Amino acid sequence: MIEIHNIHKSFDGKKVLDGISGVFETGKTNLLLGASGTGKSVLLKCIVGLVKPDIGSVTFDGTYFTNNKLDIRQEIRRKIGMLFQGSALFDSMTVEENVEFPLKMLSHMPKSERMDRVNFCLQRVGLENANKKMPSELSGGMKKRVGIARAIAPNCTYLFCDEPNSGLDPLTALKIDALIAEITEEYNITTIVVTHDMNSVIEIGEKIMFLYEGKKIWEGSRDNILDAEVPELKEFIFANRLMRDAKKVEKGAAK
Amino acid sequence: MLHNFGQYLLFLKTLVTRAESLKIIFKRTIDEAILIGTNSVFIVALVSTFIGAVSTVQVSYNMVNALIPRSTIGFIVREMVILELAPTITSIVLAGKVGSSIAGGLGTMKITEQVDALEVMGVNSVSYLVLPKILASLLVFPMLVVIAMFLGLLGGYVAGTATGELTAQEYITGIRIDFIPYNVVFALIKSVIFSFLISSISSFRGYNTSGGALEVGAASTTAVTQSVIAVLIADFISAQLLL
């Protein structure tokens, strides 16, 4: 479980995060939802320690993370897996080397054991035959899969995904969403996904936090998001014509 | 400017605080050294050979006094090549070749979040990415300077004898007159200082890139410009202090 408490962050005097608190539960896919520029990615970076919040704290399973001693922060970081928006694969390494990298750096596993784990992770994300390919040879969806394989390779306890569907076609996006949800459930990890994609909300939003102008203005799940009475959230959800039509159909059916 | 310099010093401090294991650093240093060496040896050889050749022709052109022995041309070329041309010109060429490559590579890694990926894993990205580049430069630059010295003198020999400005015997006599071995040591010390400046400034510029492809290009240009300026200032200071 990850807890955040009163996170504030400003850049050059511009407030990006304004006192966000919340709990991200273990074994669930937690979504940070909001329009572009609402501070979702900054909040995610504050949680993983890439950006230091001005005020506020983050706790991982009861262990204080923000401003704690470096070795304790490093210990927590070693339990973190992260999928970046652009996958962030090391472009000078093959797929196999990318997935092996955290194991090489963070564990004392012998080579044969590492390779077994790499093959298992690549198989888990459906990329059995891509070991020797370079990142430049992969499609967007494959890169995301390799990113997920790299994130889960060291048996992470916390998985963070920054817009995992960006740049993907709807079908591949659904597959990536499903994979993230499956992995979360299978390994009972705490997953936080940053998204503005309503398909992801409907598919995997077990717990959702909606951000608007740096503030958390709604919290709930995919089961009650469509009935939320928050104007900003309603505007966000029904900006899409498909969602508006779906709502009309639902209302018609109710009558 | 002072703020930038302070940031640069803090960046250098990060290199050694919580450094990665020696085994990893050693392996990466060797890889980087091979990369820097193989990618630079051709351009260094080309530039130093022609500089030696041009130096011989121009010194010869200016040395028309019948009272001065022709072997003096060899002597002057040797002093120029060993003391200044091989270490300084090679370093300026390497600032362009290696410096821009380091800044561009790190800048690209930064904007594509590869550096963030390392940090999230708990890896000290500065130590892992930058320290091997600096160590490899410290190792390879002096080797390249030695090659440049040899080829500069060889270029001078070929140009001098081929154009008939002086005989082979005169040139060889010239490059052996009053040879001071310390001059080679001085050139190697300079190359070590220059290599540190080039690799660390370029790494600093690359590592602190933010934005997109345009900023990566700008970081490379700034890295080369600042490295060259630093090399020239260090060249003057080291000449004052060490000669």
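Read on for an overview of the structure.

About the thresholds
Residues numbered from 1 in each chain as written. Chains lettered and ligands numbered in written order. Predicted model: local features only at pLDDT ≥ 70, side-chain atom pairs only at ≥ 80, totals over all residues. Helix = DSSP H or I, 4+ residues; strand = E, 2+ residues; numbered from the N terminus. Rg over C-alpha atoms; globule rule 2.2 N^0.38 Å. Buried ≥ 20, exposed ≤ 12 C-beta atoms within 10 Å, placed from the backbone. Contact = placed C-beta atoms within 7 Å. Pairing = 2+ DSSP bridges. Axes fitted to C-alpha atoms, helices over the stretch in contact; angles between N-to-C directions. Core = buried A, V, L, I, M, F, W, Y, C linked by C-beta atoms within 7 Å.

What follows is about the overall build of chain A. Secondary structure summary: chain A contains nine helices and 10 strands in total. By the compact-globule yardstick of 18 Å for 255 residues, chain A fits well, its C-alpha radius of gyration being 19 Å. Structurally, chain A occupies a C-alpha span of about 60 × 40 × 30 Å along its principal axes. Every one of the 255 residues in chain A was classed for burial, and the buried ones make up 42%. Contacts in chain A between residues far apart in sequence, at least 24 positions, make up 66% of those at least 6 positions apart.

Residues and elements named next belong to chain A. Judged by how many residues are buried, helix α1 (residues 40-48) sits mostly within the fold: nine of nine residues are covered. Those residues of α1 that fall on the buried side of the exposure criterion are Lys40, Ser41, Val42, Leu43, Leu44, Lys45, Cys46, Ile47 and Val48. One or two residues past the end of α1 sits glycine 49, with phi positive at roughly 90°.

Here we come to the sheet that holds strand β9 (residues 207-212) of chain A. All names here are of chain A. Read from one edge of the open sheet, six strands run β6-β7-β8-β3-β9-β10, paired in mixed fashion. Since the sheet does not close on itself, it has two edges, and those belong to β6 (80-83) and β10 (215-220), each with one partner. Pairwise comparison of adjacent strand axes, ignoring direction, gives a mean angle of 20° for this sheet. Inspection of the sheet shows strand β7 (residues 158-162) paired to strand β8 (residues 190-195) by five bridges, in the parallel sense. Residue aspartate 162 lies in a different strand from β8, and its bridge partner there is valine 194. Contacts from α1 reach β3 (29-33), β6, β7, β8 and β9, with the element oriented near 155° to β8.

Formed by 124 residues in total, the largest nonpolar core has its most connected members in Leu32, Leu43, Ile47, Met82, Ala149 and Phe160 of chain A. Here methionine 82 of chain A is in contact with Val48, Ala151 and Phe160 of chain A together with Ala117 and Val120 of chain B, once residues within four sequence places are set aside.

Residue and element names in this part refer to chain A. Sheet topology places strand β1 (residues 2-11) next to strand β4 (residues 55-60); five bridges connect them, and they run antiparallel. In the sheet register, glutamate 3 faces β4, and the bridge partner there is threonine 59. The pairing of β4 with strand β5 (residues 63-64) spans two bridges and is classified as antiparallel. In the sheet register, phenylalanine 60 faces β5, and the bridge partner there is threonine 63.

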